[in-house]
Number of protein chains: 2
Amino acid sequence: MDNAASRPAWSLHPQLARDTELVGDLALARVLAMNDANFPWVILVPRRAGTVELIDLDEVARGELMAEIAQVSTALKNLTRCDKLNVAAIGNVVPQLHVHVVARRTSDAAWPKPVWGAVPAKPYAAGELDTFVAALRRAIGII
Amino acid sequence: MDNAASRPAWSLHPQLARDTELVGDLALARVLAMNDANFPWVILVPRRAGTVELIDLDEVARGELMAEIAQVSTALKNLTRCDKLNVAAIGNVVPQLHVHVVARRTSDAAWPKPVWGAVPAKPYAAGELDTFVAALRRAIGII
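In this text, all values refer to a predicted model and were calculated from it rather than measured experimentally.

K.L.:
Hey, could you run me through the overall build of chain A in this one?
P.N.:
Helix and strand content of chain A: three helices and five strands. Counting from the amino terminus, chain A carries its helices and strands in the arrangement α-β-β-β-α-β-β-α. Across the 143 residues of chain A, 50% fall into the buried class. Residue pairs in contact within chain A that sit at least 24 positions apart in sequence constitute 58% of those at least 6 positions apart.

Structure follows, in structure tokens:
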């Protein structure tokens, strides 16, 4: 049963909105592209108000989230031919539940360290973020 | 259908074995406690040979893994009354797929940074790791 109509309104945390470009919505999560040219970096944000931890989602939503993580991971891997994917829900700074899916290369600016706080974000040059977002939409299958 | 008998043999990566103490096995994953007194830190390792990425698991196994992440997360949160959980599959150093579930406090040695590489590991004092492992077994329901 879809109780969407009875759920409290969700809105994207302002810091996530500032740092990213919108890719689109899957059934559960909003998909965002980080404006950091150091790493091809996608963020999934379940559109459920007040959610901080994975375990704040019910079992069905957790299953949906895992399926969407896999969908985005496959798309990002196909797009970038990366050496490794890093998938993480941390949220020490921005409490709204969000899952990072980052394509890593052994030659990237932070390898082998995790990306968080490793190097300053490097905004994409004009047009490049739009190109990445368009490629992500095609690869994920978001119209 | 359980194809366990036809699967290649799995064994724990030696570096994970060195850094942790065995908690026990859930249906899919081996559960380990990191020997780092800085953070209550659990690792889940799906017992599937050759698995590097989440998307190397089939859809059923990914669902099982999410359920086991939730089970361990709930246990760790109940046990520690932590301020935040950090959940991550990184694997830039140890390629065997493993998922970190870390209980964070706003007063811990790395907050708000992620734990990986933030501060040197601090081995537990004699007996303390055993106490943590025993408490984890009870909280997770591993006999």
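K.L.:
I tried to follow the sheet that holds strand β2 (residues 29-34) of chain B on my own but got confused; where do I start?
P.N.:
Neighbouring strands of a sheet are bound in pairs by backbone hydrogen bonds; such pairs are parallel or else antiparallel. Spatially, the ten strands line up as an open sheet ordered β1(A)-β2(A)-β3(A)-β5(A)-β4(A)-β4(B)-β5(B)-β3(B)-β2(B)-β1(B), and their pairing is antiparallel. The strands lining the two open edges of the sheet, one partner per strand, are β1 (20-25) of chain A together with β1 (20-25) of chain B. Recorded for the sheet is a direction-independent mean angle of 20° between the axes of neighbouring strands. Pairing of strand β3 (residues 41-46) of chain B with strand β5 (residues 99-104) of chain B involves four bridges; the strand directions are antiparallel.

K.L.:
Help me understand the pairing of β3(B), please; the structure alone is not making it clear to me.
P.N.:
Two faces make up the sheet, and in a regular strand the side chains alternate between them. Residue and element names in this part refer to chain B. For β3, the tally of buried residues reaches six of six residues, placing the bulk of the element in the interior. Of the two faces of β3, the one holding Trp41, Ile43 and Val45 and the one holding Val42, Leu44 and Pro46 are both buried throughout. Bridge analysis of β2 against β3 gives five bridges, and the strand direction is antiparallel. By the bridge assignment, Leu32 is partnered in β3 with Ile43. Where β2 folds back onto β3 in an antiparallel hairpin, the turn is made up of six residues.

K.L.:
Explain the nonpolar core to me, please; I cannot follow it from the model alone.
P.N.:
For soluble globular proteins, nonpolar side chains are generally found buried alongside one another. Within the largest apolar cluster, 64 residues are counted, with the highest numbers of intra-cluster contacts made by A:Leu44, A:Ile140, B:Leu44 and B:Ile140. For B:Leu44, the contacting residues outside a window of four places in its chain are B:Ala29, B:Arg30, B:Leu65, B:Glu68, B:Ile69, B:Val72, B:Leu97, B:His98, B:Val99 and B:Val101. One finds A:Met34, A:Phe39, A:Ala88 and B:Leu12 within the second-largest nonpolar core, a separate group that totals 32 residues.

K.L.:
What is the right way to look at unusual backbone geometry in this model?
P.N.:
Residues and elements named next belong to chain A. Omega for the bond connecting Trp111 with Pro112 falls within 30 degrees of zero, at 0°, which places this linkage in the cis form. By the secondary structure assignment, Pro112 is in the loop between β5 (99-104) and α3 (128-140). Look at Arg81: it is not a glycine, yet its phi comes out positive at around 50°. Along the polypeptide, Arg81 turns up in the loop between α2 (59-80) and β4 (84-89).

K.L.:
Teacher, can you tell me more about the interface of chain B and chain A here?
P.N.:
Often, the extent of an interface is quoted as the loss of accessible area upon association of its parts. Contact with chain B, which involves 28 residues of that partner, is made by 28 residues of chain A. Of the roughly 2500 Å² buried where chain B meets chain A, counting both sides, 64% is carbon and sulfur surface. Among the residues of chain B in contact with chain A, B:Ile55, B:Met66 and B:Asn92 are the three that bury the most area, contributing 26% of the side total. For the pair chain B and chain A, the number of links is two salt bridges. The partner of A:Glu53 in a salt bridge is B:Lys84, with the nearest N and O atoms 2.8 Å apart. Summed over the shared surface of chain B and chain A, the number is 14 residue pairs in polar contact (both at pLDDT 80 or more). The dominant element in the side of chain B that touches chain A, judged by the number of residues it contributes, is helix α2 (residues 59-80) of chain B, at seven residues. Along the lines of polarity and charge, the residues of the side of chain B that touches chain A split into 16 nonpolar, five polar and seven charged. Relative to strand β4 (residues 84-89) of chain B, β4(A) runs antiparallel, the two being bridged by three bridges. From the neighbouring strand, A:Ala88 faces β4(B), where its bridge partner is B:Ala88.

What counts as what
Residues numbered from 1 in each chain as written. Chains lettered and ligands numbered in written order. Predicted model: local features only at pLDDT ≥ 70, side-chain atom pairs only at ≥ 80, totals over all residues. Heavy atoms only, no water. Helix = DSSP H or I, 4+ residues; strand = E, 2+ residues; numbered from the N terminus. Buried < 20%, exposed > 50% of the residue type's maximum accessible area, 1.4 Å probe, protein only. Contact = heavy atoms within 4.5 Å. Pairing = 2+ DSSP bridges. Axes fitted to C-alpha atoms, helices over the stretch in contact; angles between N-to-C directions. Core = buried A, V, L, I, M, F, W, Y, C linked by side-chain atoms within 4.5 Å. Buried area = accessible area lost by both parts, 1.4 Å probe. Salt bridge = Lys/Arg side-chain N within 4 Å of Asp/Glu carboxyl O. Polar contact = N/O pair within 3.5 Å; in protein donor to acceptor, adjacent residues only side chain to side chain. Nonpolar A, V, L, I, M, F, W, Y, C, P; charged D, E, K, R; others polar.

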